[in-house]
Amino acid sequence: MAGKHIVILGPPGSGKGTQAVRIAEKLDLRHISTGDVLRDAVNRETKLGLEASDYMNRGLLVPDELMLGLIAEKLAEIGDSGWILDGYPRTLPQAEALGGMLAEQDMRIDHVLLIDVDSEVIVKRLSERRVCSKCKAVYSLSTLESPDEACRKCGGELVKRPDDEEDTVRRRLKVYEEQTAPVVDYYRNGGLVTVKGAGGIDKITAEILRVLQ
Ligand code: AMP
């Protein structure tokens, strides 16, 4: 049987990326993070990367036309497997386009999961976030022995994302409120489930697995 199709929504810094990786592993799903796909394109300086980087560094959304092409390509590549979509859709046109693409293939979204976290918690969390430049593992400065520590998984350098600077985080939160909160409302009648994103990572994962059953 084909796996589940899950969309995970939440403000930047809600922990949706961390949880998406864990849920993908537990439920044997492919994890699609549009942020990771874009950052990889920026690093490789592809046409998409060159077009997207300025928006990303300013904390703005990449235009829908670019995102629709990217997501169509990813879904085609994945085919029949189940997936968890992390970072898409972020606007109403993206949500509508996703619904259309899935309907064409007789597929549907099984669950939409919202991770809910307070803005001030997010600003603090993101200013402390460090990401491995090689394997993308995520750390918090508060749990590292020193700010220069290497990635515990692969030895890669830990870096601060350019869009995790405080001003940019505040702009990203505003963009979320204006453009992505309507997507949450769009799914309210379509199987949306909410999980509180505060507390330990393991506890949140357990709660997500519970509500997805
Ligand atoms: P994330 O890693 O999900 O926080 O994404 C980082 C940045 O990538 C966002 O702030 C946007 O600039 C861009 N991005 C990722 N996904 C999307 C999307 N679905 N629509 C528009 N921009 C996106």
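Our structure is the block above this text.
Each residue is numbered by its place in its chain's sequence as written, counting from 1. Local features in this predicted model are restricted to residues of pLDDT 70 or higher, and side-chain atom pairs are both shown and tallied only at a pLDDT of 80 or more, whereas totals for entire chains, interfaces and linings draw on every residue. Side-chain calculation: all heavy atoms of the structure are included, whereas hydrogens and water are not.

**Student:** Explanation requested: the overall build of the protein in the structure shown.
**Tutor:** By the criteria applied, helices consist of DSSP H or I runs no shorter than four residues and strands consist of E runs no shorter than two, each listed in order from the N terminus. Per the secondary structure count, the protein includes eight helices and eight strands. The atom set for the radius of gyration is the C-alpha atoms, and the globule formula is 2.2 Å times the number of residues raised to the power 0.38. Against the compact-globule benchmark of 17 Å for 213 residues, the protein has a radius of gyration of 17 Å, which places it among compact chains. Along the three orthogonal principal directions, the C-alpha set of the protein runs to about 50 × 40 × 35 Å. Residues classed as buried in the protein amount to 45% of the 213 residues present. Whether two residues are in contact is decided by their heavy atoms: any pair within 4.5 Å suffices. Contacts in the protein between residues at least 24 apart in sequence constitute 71% of all its contacts with a sequence separation of at least 6. Across the protein, 30 positive and 35 negative side-chain charges occur, with their mean positions spaced 4 Å apart. Categorising residues by exposure relies on relative accessible area from a 1.4 Å probe, with only protein chains included: less than 20% of the type maximum marks a residue as buried, more than 50% marks it as exposed, and the intermediate range marks it as partly exposed. For the purpose of charge, His is not counted, nor are the chain termini; Lys and Arg are scored as positive and Asp and Glu as negative. Every charge is mapped to an atom, namely NZ of Lys, CZ of Arg, CG of Asp or CD of Glu.

**Student:** Looking at this structure, I do not really get the sheet that holds strand 8 (residues 192–196). What am I missing?
**Tutor:** As a general point, the strands of a sheet are linked pairwise by backbone hydrogen bonds and lie either parallel or antiparallel. DSSP-based pairing: two strands are paired if at least 2 bridges between them are found. Across the sheet, five strands lie side by side as 2-3-1-4-8; this open sheet has parallel pairing. The sheet is open, and its two borders are formed by strand 2 (30–33) and strand 8, each paired with just one other strand. Taken over all neighbouring pairs, the strand axes of this sheet differ in orientation by 20° on average, direction set aside. An axis is simply a line fitted to the C-alpha atoms; with a helix, the fit covers only the stretch in contact. Between two such axes, the angle follows the N-to-C directions and lies from 0 to 180 degrees.

**Student:** Please explain the side chain of Thr91 as it appears in this structure.
**Tutor:** Note on placement: Thr91 falls in the loop between strand 3 (83–86) and helix 5 (92–104). You can call Thr91 buried: its relative accessible area is 6%. Apart from residues lying up to four places away in sequence, Thr91 is in contact with Leu61, Asp64, Gln179 and Val183.

**Student:** What's the story with the nonpolar core in this structure? I'm lost.
**Tutor:** What tends to happen in soluble globular proteins is that the nonpolar side chains get buried as a cluster. As used in this record, nonpolar core signifies buried Ala, Val, Leu, Ile, Met, Phe, Trp, Tyr and Cys residues forming a set joined through side-chain atoms within 4.5 Å. In terms of nonpolar packing, the biggest core is built from 29 residues, with Val7, Leu9, Trp83, Leu85, Leu98 and Tyr187 touching the most fellow members. Those residues in contact with Leu85, other than ones at most four positions away along the chain, are Ile6, Val7, Ile8, Ile32, Ile71 and Leu98. Of all hydrophobic cores here, the second largest spans 20 residues; its members include Ile8, Ile23, Ile84 and Leu209.

**Student:** Would you take a moment to explain the site of the ligand for this structure?
**Tutor:** What makes a residue near a molecule or strand is one non-hydrogen atom of that residue sitting within 4 Å of it. For the ligand, the set of nearby residues contains 16 residues, the closest of which are Thr34, Leu60, Gly87, Arg90 and Gln94. In protein, a polar contact means a hydrogen-donor-capable atom and an acceptor-capable atom, both N or O and within 3.5 Å, with residues adjacent in sequence counting only if both atoms are side-chain atoms; elsewhere, any N or O pair within 3.5 Å suffices. Within the backbone of Leu60, a nitrogen or oxygen atom sits 2.6 Å from an oxygen atom of the ligand. Within the contact set of the ligand, a nitrogen atom lies 3.0 Å away from a backbone nitrogen or oxygen of Val62. Each accessible area is a Shrake-Rupley estimate made with a 1.4 Å probe; only the visible protein chains count as cover when residues are assessed. In the complex, the protein chains occlude 96% of the 480 Å² of accessible area that the ligand would expose alone. Per-element tally for the shell around the ligand: the top contributor is helix 2 (residues 34–44), with four residues.

**Student:** Teacher, can you tell me more about the packing of aromatic side chains here?
**Tutor:** The geometry of two aromatic rings is summed up by the distance between their centres and the angle between their planes. Any pair of Phe, Tyr and Trp rings, taking the six-membered ring for Trp, is counted once the centres come within 6.5 Å. Such a pair is stacked with planes under 30 degrees apart, edge-to-face with planes over 60 apart, and tilted for the rest. Per the counting criterion, the structure on display carries one aromatic pair. Arranged with centres 5.1 Å apart and planes meeting at 80°, the rings of Tyr186 and Tyr187 form a pair that is edge-to-face. The partly exposed category is assigned to Tyr186, whose relative accessible area is 38%. For Tyr187, a relative accessible area of 7% gives the class buried.

**Student:** Just to check I follow, could you spell out the sheet that holds strand 5 (residues 129–132) for this structure?
**Tutor:** Ordered by their spatial adjacency, three strands build an open sheet running 6-5-7, and the pairing between neighbours is antiparallel. The outermost strands of the open sheet, each flanked by one partner alone, are strand 6 (138–140) and strand 7 (158–159). As defined by bridge partners, strand 5 adjoins strand 6 across three bridges and the pair is classed as antiparallel. Across the sheet, the residue bridging to Val131 is Val138, located in strand 6.

**Student:** What should I look at first to understand the packing of helix 6 (residues 119–127) against helix 7 (residues 166–186) in this one?
**Tutor:** Axis angle and axis distance: for two packed helices, these are the angle between their axes and the distance between the axes, and together they describe the pair. Interhelical geometry of helix 6 versus helix 7 gives an angle of 140° and a closest axis separation of 10 Å. When the interaxial angle is binned, helix 6 and helix 7 end up oblique. Considering only the axes of helix 6 and helix 7, their crossing is right-handed. Here helix 6 contributes Ser119, Glu120, Ile122, Val123 and Leu126 to the contact with helix 7, which in turn contributes Glu166, Val169, Arg170, Arg172 and Leu173. Under this grouping Gly is polar, as are all residues other than the nonpolar Ala, Val, Leu, Ile, Met, Phe, Trp, Tyr, Cys and Pro and the charged Asp, Glu, Lys and Arg. Here the contact of helix 6 with helix 7 is built from residues that sort into five nonpolar, one polar and four charged. These descriptions rest on fixed angle ranges, namely under 35 degrees for roughly parallel, over 145 for roughly antiparallel, 65 to 115 for roughly perpendicular, and the rest for oblique. Crossings are classed by handedness, with left-handed meaning an anticlockwise turn of the near helix from the far one by less than a right angle and right-handed meaning a clockwise turn.

These results come straight from atomic positions and should not be treated as a statement about function.
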